[in-house]
Amino acid sequence: MPDDTVLLDTVIPRTLDAIVAEFLDPAWRGGRLEAWVFEGGAARRAAELALQARGITACVRSAYKPLVHALLDEIEAGPVVIGVPSHPLGPEGRFRLEAYPLAGLRGDVAFDGAGGELSYSVTSGPATTQVFAPNRVRVDHLGRRVLAPCGWVRAWRAGDPAPARDAAVETEYEAVFQAVMSAVAAHPWGDAMPTMDTLEIVVAIPGIERALAWHDEVMSTREALHEDLYFSLLEFFQHRAGRAAGDRTLRPGQIIPEIVASDGPAHVRVTLAPHRVTPDVAADAGDLDIIERPLTAGEIATALASLGGEGFAHRSVQGRAILGVHRRGARPNIAIIAGQHANETSGVVGALRAARRLVAETDMEFAVVPQDNPDGYALHHRLRARNPRHMHHAARYTALGDDLESRTAPPFHEKAARMEAIERTGARLHLNLHGYPAHEWTRPLTGYLPRGFEMWSIPKGFFLILRHRPGLGGAAEPFLRALTARLAEDAALRDFNAAQLRVWRAHAGAPNFPMFDGIPCMIAEREDQGTAFQLITEYPDETIYGDAFRLAHTTQMRTVLYAAELVRRGMLGT
Ligand SMILES: [Zn+2]
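If you're wondering where the values come from, they're calculated on a predicted model, not measured in any experiment. (Residues numbered from 1 in each chain as written. Predicted model: local features only at pLDDT ≥ 70, side-chain atom pairs only at ≥ 80, totals over all residues. Heavy atoms only, no water.)

**Regarding the pairing of strand β24 (residues 519-525)**
Then step 1. Bridging between strand β22 (residues 463-468) and β24 involves five bridges; their strand directions are parallel. From the neighbouring strand, His 468 faces β24, where its bridge partner is Glu 525.
Then step 2. Looking at chain direction, strand β23 (residues 515-516) and β24 are connected through two bridges and run antiparallel. Bridge pairing in β24 places Phe 516 opposite Ile 519.
Then step 3. What sits between the antiparallel neighbours β23 and β24 is a turn of two residues, in which Asp 517 has the positive phi angle 50°. (Pairing = 2+ DSSP bridges. Helix = DSSP H or I, 4+ residues; strand = E, 2+ residues; numbered from the N terminus.)

**Overview of the packing of helix α9 (residues 346-361) against helix α14 (residues 546-568)**
Then step 1. One way to put it is that α9 packs onto α14 with a least axis distance of 8 Å and a crossing angle of 45°. Judged by the angle between their axes, α9 and α14 are oblique. Relative to α14, α9 is oriented so that their crossing is right-handed. Facing Ser 346, Gly 347, Val 349, Gly 350, Arg 353, Ala 354, Arg 357 and Leu 358 of α9, the residues of α14 in contact are Phe 549, Ala 552, His 553, Thr 554, Gln 556, Met 557, Val 560, Leu 561, Ala 564 and Arg 568.
Then step 2. Class assignment for the residues of the contact of α9 with α14 results in nine nonpolar, six polar and three charged. (Axes fitted to C-alpha atoms, helices over the stretch in contact; angles between N-to-C directions. Parallel < 35°, antiparallel > 145°, perpendicular 65-115°, else oblique. Left-handed = near helix turned anticlockwise from the far one by under 90°. Contact = heavy atoms within 4.5 Å. Nonpolar A, V, L, I, M, F, W, Y, C, P; charged D, E, K, R; others polar.)

**Quick notes on the coordination of the zinc ion**
Then step 1. Protein coordination at the zinc ion comes from His 341 (ND1), Glu 344 (OE), Glu 344 (OE) and His 434 (ND1), with a distance range of 2.1 to 2.4 Å.
Then step 2. Metal-centred angles of 56 to 147° between the four donor atoms at the zinc ion mark the site as irregular.
Then step 3. Motif for the zinc ion, donor spacing along one chain: H-x2-E-x89-H. Summarising the burial analysis for this pair, His 341 and Glu 344 share the class buried. (Donors = N, O, S within 2.8 Å, 3.2 Å for Na, K, Ca; no water. Tetrahedral: all angles 85-135°; square planar, octahedral: opposite > 155°, others 65-115°. Buried < 20%, exposed > 50% of the residue type's maximum accessible area, 1.4 Å probe, protein only.)

**Thoughts on the sheet that holds β22**
Whether parallel or antiparallel, the strands of a sheet pair through hydrogen bonds between backbone atoms.
Then step 1. Within the open sheet, the nine strands sit side by side as β17-β18-β20-β19-β21-β25-β22-β24-β23. Their pairing is mixed. Each having just a single partner strand, β17 (310-315) and β23 make up the two edges of the open sheet.

**Quick look at the nonpolar core**
Then step 1. Ranked by size, the top nonpolar core spans 84 residues in total, and within it Ile 82, Val 180, Leu 199 and Leu 225 carry the most contacts.
Then step 2. Discounting chain neighbours no more than four positions away, the residues touching Leu 225 are Tyr 173, Val 176, Phe 177, Val 203, Ile 205, Ile 259 and Leu 445.
Then step 3. Core analysis: the next-biggest nonpolar cluster, separate from the first, contains 59 residues, Val 348, Leu 358, Leu 433 and Leu 566 among them. (Core = buried A, V, L, I, M, F, W, Y, C linked by side-chain atoms within 4.5 Å.)

**Digging into the packing of helix α1 (residues 15-23) against helix α2 (residues 41-52)**
Then step 1. At their nearest, the axes of α1 and α2 sit 10 Å apart, and the two run at 10° to each other. In terms of orientation, α1 lies roughly parallel with respect to α2. Only Ala 43, Arg 44, Ala 47, Ala 50 and Leu 51 of α2 make contact with α1, whose side of the interface consists of Leu 16, Val 20 and Phe 23.
Then step 2. Among the residues making up the contact of α1 with α2, the classes are represented as seven nonpolar, no polar and one charged.

**Details of the sheet that holds strand β6 (residues 119-124)**
Then step 1. Pairing is mixed across the open sheet formed by four strands, whose spatial order is β5-β4-β6-β7. Two strands lie at the open edges of the sheet, namely β5 (109-114) and β7 (127-132), each paired on one side alone. The mean angle between the axes of side-by-side strands here comes to 25°, regardless of whether they run parallel or antiparallel.
Then step 2. Judged from the four bridges that link them, strand β4 (residues 80-84) and β5 form a sheet pairing that is parallel. Across the sheet, residue Ile 82 finds its bridge partner in β5, namely Phe 111.
Then step 3. Across the sheet, helix α3 (residues 66-73) touches β4, β6 and β7, and the angle it forms with β7 is around 135°.

**Section: the environment of Gly 447**
Then step 1. With respect to the secondary-structure elements, Gly 447 resides in the loop between β21 (429-437) and β22.
Then step 2. Residue classification places Gly 447 among the buried residues on the basis of a relative accessible area of 10%.
Then step 3. Separated by 343 residues in sequence, Gly 447 and Gly 104 have C-alpha atoms that sit 24 Å apart.
Then step 4. Once residues lying within four places of it in the same chain are set aside, the contact partners of Gly 447 are Arg 94, Val 146, Leu 147 and Ala 148.

**Remarks on unusual backbone geometry**
Where the residue is not glycine, phi is negative for most of them; where a peptide bond is considered, it is trans in most cases.
Then step 1. In this structure, the amide linkage connecting Met 193 to the following residue, Pro 194, adopts the cis form with an omega of 0°.
Then step 2. Structurally, Pro 194 is set in the loop between α6 (172-186) and β12 (198-205).
Then step 3. Cis geometry marks the peptide bond from Pro 410 to Pro 411; its omega dihedral reads 0°.
Then step 4. You can see Pro 411 is positioned in the loop between α10 (374-386) and α11 (415-425).
Then step 5. At Asp 517, a residue that is not glycine, the phi angle is positive and equals roughly 50°.
Then step 6. Considering the arrangement of structural elements, one finds Asp 517 in the loop between β23 and β24.

**Brief notes about the pattern of salt bridges**
Then step 1. For the structure on display, the rule yields 54 salt bridges.
Then step 2. For Asp 228, the salt bridge identified is with Arg 443, shortest N-O distance 2.9 Å. Taken together, the residues span a long stretch of sequence, with Asp 228 in helix α7 (residues 221-240) and Arg 443 in the loop between β21 and β22 at a distance of 215 residues. When sorted by exposure, Asp 228 lands in the same class as Arg 443, which is buried. (Salt bridge = Lys/Arg side-chain N within 4 Å of Asp/Glu carboxyl O.)

**Observations concerning the packing of aromatic side chains**
Then step 1. For the coordinates displayed, the defined rule picks out 18 aromatic pairs.
Then step 2. Summarising the aromatic geometry, the rings of Tyr 230 and Phe 231 are spaced 5.0 Å apart at their centres and angled 75° between planes, so their arrangement reads as edge-to-face. Considered together, Tyr 230 and Phe 231 belong to a single accessibility category, that of buried residues.
Then step 3. Among the aromatic residues, ring-to-ring pairing joins Tyr 230, Phe 231, Trp 441 and Phe 453 into one connected group.
Then step 4. Note that Arg 32 overlies the ring of Trp 156, its terminal NZ or CZ placed 3.8 Å from the centroid.
Then step 5. One cation-aromatic arrangement involves Arg 94 over Phe 95; the distance from NZ or CZ to the ring centre is 4.1 Å. (Phe/Tyr/Trp six-rings, centres within 6.5 Å; stacked < 30°, edge-to-face > 60°. Lys NZ or Arg CZ within 6 Å of the ring centre and 35° of its normal.)

Next comes the structure, spelled out in structure tokens:
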């Protein structure tokens, strides 16, 4: 096995330590300091106390989501009206989204009017407070000017009403990101595809990990760093290859940021490494109806084998098995595929539960591939071990770095399994079970909103997308209306969707999609649609466990079963 190639291995000093050291200087005694850093509350309080002990009045705030922190920590409860910042480089709606999930945390928040260029105005009764949102303009790896959250120091010397310092500071959080991007940009990459096996980025860094009392919400600077590094590096390779940002066909290899907690300086190590594959361990998960966490690969294989039927298998890029089962029977029929994006895990359980019910209760023909991206799934399992509540988009695509659905020419690798499932059954309907982030998704180093996925930055409940071949549109809406009527019989799902959509509207504005029975539904005619119809489910499942995970996979299962019933009744033709 070839040795790893180290692209970067460095330590970056902790900004909070540097600020404390600087302001302990006797020249600042009697003065006042306000600072904004990417640090959790305990570390910020400790810094304030250390400075106060030496005669400096200090207030150290979060540079990440400063308004949410201010309303949790500093501003008295009571109805508030918020004016959002309006900056020429801040995209429409960004700062209202950044205020998420205040409308969920408190029922007395309204957004009205504008704040300053980089400040929110918070009006409560007769008093209006300005909440500073430190941001700086950066030029990113695509050469675009972006407005990005940053560290900041504002300080007054004793007796001087004007601040002696009022400027952005480069925190270790920002420096780590820039160091990784620079190290990757400086490497002499060849033109071959895939460009590498794996690009591993391990960062140990202090930060914020603050759970909020709203659904699955967690404010996490480490999760955000994973997301920004992963998508920024993908964009770097896309740009280098002359592709558009967000292109899903490029095959750079597997990009793996792993961000772990530290209580000291930041350590960052970037290496090129060969694929590492550990064997799956066969296991029985027991009763899938009550499972409260994603299944292991071994548990998926065991549950699939218990269905009977004809098995089929393909190989992933890293050599793992992609397993399917074909049960022969009555037509019209369906193909059930889950796990294309491997960090979306509720569809895997839902597919297996639905298949078991179809075997037990019907004579319907179907094929099921419960997990069709096993390399991504193995990476997700590995990353969850250290950060179980991070969304880990590095596990979304395949080990080649592409989206398996986008492959249009052989070798198809992972896509071959779903192709065989559809070919074996001649399925009328392809059920494609997906998920998406269950809490806010951000990219704070490149403009805050997730580029290309801006409308997915906060959850909006369970929703459906129905794609159909040209000429079949007439069946789409009646099918979705019948399906959602059945799904909405579940009060827990109804309440869940209503709550998420209420808060989504408060932060994202009026919905631009139709809703049937409280479930957003989108219909799309596609020339390239293979089966006559494809139903894509989207449950906000990334990072959820326990009862929330059970509602997710139960909803996935119910969708498959009700859709199967409507197909059997001929609602999508024969
Ligand atoms: Zn997906």
